[in-house]
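The chain contents come next:
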Amino acid sequence: MKKLFALAALAVAAVGAQAQTYPGSKPITIVVPFAAGGPTDRVARDLAEALRKPLGGAVILVDNAAGAGGSIGASKVAKAPADGHTLLLHHIAMATMPTLVRNIPFKVETDFEYLGMINDVPMTLIGKPALPANNYKELAGWINANKGNINLGNAGVGSASHLCGLLFQNAVQVDMTTVPYKGTAPAITDLIGGQIDLMCDQTTNTTSQIEGKKVKAFAVTTSKRLSTAALKDLPTLQESGLKGFEVTIWHGLYAPKGTPADVQAKVNAALKAALKDPEFIKKQEGLGAVVVTDKRMEPAEHKKFVAAEIAKWSPVIKAAGVYAD
Ligand code: ASP
């Protein structure tokens, strides 16, 4: 019995010691569930940079565990050691995947510790440069004239571009052939090359392509126009005639369930410092993203927000009949 107590005391001391030294010399890996060079990857790399100092100069790596609309990366983190050295940066799919995709291999509510939210990001509806349309009205005409012959790219079933693309097809009442990629970085390369016709993608990926006139931009998916210089002239889909169309992407940080509470607190404190870092804010704003300044930077509020998003999107997805197996 005495031995058992001694072992228990040792275990408690070990957990305390781990938190005290976290992150120590072992690198922290942020898993991004989409391809390198895309919008989620952009947010993760900027955040990794901003987290380094508040985490005591830690080495922070980004691991692109891409595929299956973001569920491969999420599953990887759900199964990773719960020691704070493997984190997940994911987006709105954490709230839409449970309805959008039946049988996802992890439970959003119970397989993760919520560490706080990062930003809100609008999407843009973009097209290949060779499209004859130069504004949304002309695009609507082109879509009607090309029914049955339109390719719409996305980052796989369950991704934000999948959700937005399905809602768009539903709103214009035209079925398109969806082409899945491991992220919208490879998809936008094919869009520029003309292999696909249209796509929805976050402004963290599209702003520079729109600025450089590499793609045609038709509208933003938010309910209000944006103020970012390169995007401010784009109409909303709502004002273009798609009543009630509104999709805003957000990103949050997660750890595997069971990560020690004091390690979670350390990551959350570092995240809050990163969200106030003027460099990080400037980079994000330049890409049309809005860094979280409200209570959603607190883990409990992050979790509440995701639950509210699940409740918000579930009926919309079901009513539109846009879920997939
Ligand atoms: N934009 C992608 C999506 O549609 C994700 C990515 O490649 O970052 O979810």
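Placed above this text is the structure.
A few points on the structure.

So, how was this worked out
- Sequence order as written defines residue numbering, which begins from 1 separately in each chain.
- In view of the model being predicted, local features appear only for residues whose pLDDT reaches at least 70, and side-chain atom pairs are presented and counted only at 80 or more, with totals across whole chains, interfaces and linings using the full set of residues.
- Each side-chain value is derived from all of the structure's non-hydrogen atoms; neither hydrogens nor water enter the calculation.
- Only protein chains enter the accessibility calculation, which uses a 1.4 Å probe; a residue whose area is less than 20% of its type maximum is buried, one above 50% is exposed, and one in between is partly exposed.
- Secondary structure is summarised from DSSP: a helix means a run of H or I of at least four residues, a strand means a run of E of at least two, and numbering begins at the N terminus for each.
- Working rule for contacts: check all heavy atoms of both residues, and any pair within 4.5 Å makes them a contact.
- One side-chain nitrogen of Lys or Arg within 4 Å of one carboxyl oxygen of Asp or Glu is enough to make a salt bridge.
- Orientation is described by axes fitted as lines to C-alpha atoms, over the contacting stretch for helices, and by angles from 0 to 180 degrees between their N-to-C directions.
- When an angle is under 35 degrees it counts as roughly parallel; over 145 it counts as roughly antiparallel; between 65 and 115 it counts as roughly perpendicular; any other value is oblique.
- Basically, the charged four are Asp, Glu, Lys and Arg, the nonpolar ten are Ala, Val, Leu, Ile, Met, Phe, Trp, Tyr, Cys and Pro, and anything else, Gly included, counts as polar.

What follows concerns helix α8 (residues 203–211). Most of α8 sits out of view: seven of its nine residues are buried. Looking only at α8, the buried set comprises T203, T204, N205, T206, T207, Q209 and I210. Elements in contact with the buried residues of α8: α2 (39–52), β4 (112–127), α7 (184–193), β7 (198–202), β8 (216–220) and α10 (278–286). Immediately downstream of α8, the backbone of K213 shows phi near 55°, a positive value.

Before going further, it helps to examine the pattern of salt bridges. Within the structure shown, the criterion is met by 13 salt bridges. Across the salt bridge formed by E113 and K257, the nearest N and O atoms sit 3.8 Å from each other. Placement of E113 in strand β4 and of K257 in the loop between β9 (248–256) and α9 (261–275) is noted, with a sequence separation of 144 residues between them. Overall, E113 belongs to the buried group, its relative accessible area being 13%. A relative accessible area of 43% means that K257 is categorised as partly exposed.

Further remarks concern the pairing of β7. Note on strand geometry: in a regular strand, side chains alternate between the two faces of the sheet. Burial within β7 is extensive, with five of its five residues counted as buried. Here β7 shows two buried faces, one formed by L198, C200 and Q202 and the other by M199 and D201.

Moving on: the packing of α2 against α9. Viewed as axis vectors pointing N to C, α2 and α9 meet at an angle of 110°, and their least axial separation amounts to 8 Å. Overall, the two elements α2 and α9 adopt an arrangement that is roughly perpendicular. Between α2 and α9, the contacting residues are L47, A50 and L51 on the first element and A270, L271 and A274 on the second. Of the residues that constitute the contact of α2 with α9, the class distribution is six nonpolar, no polar and no charged.

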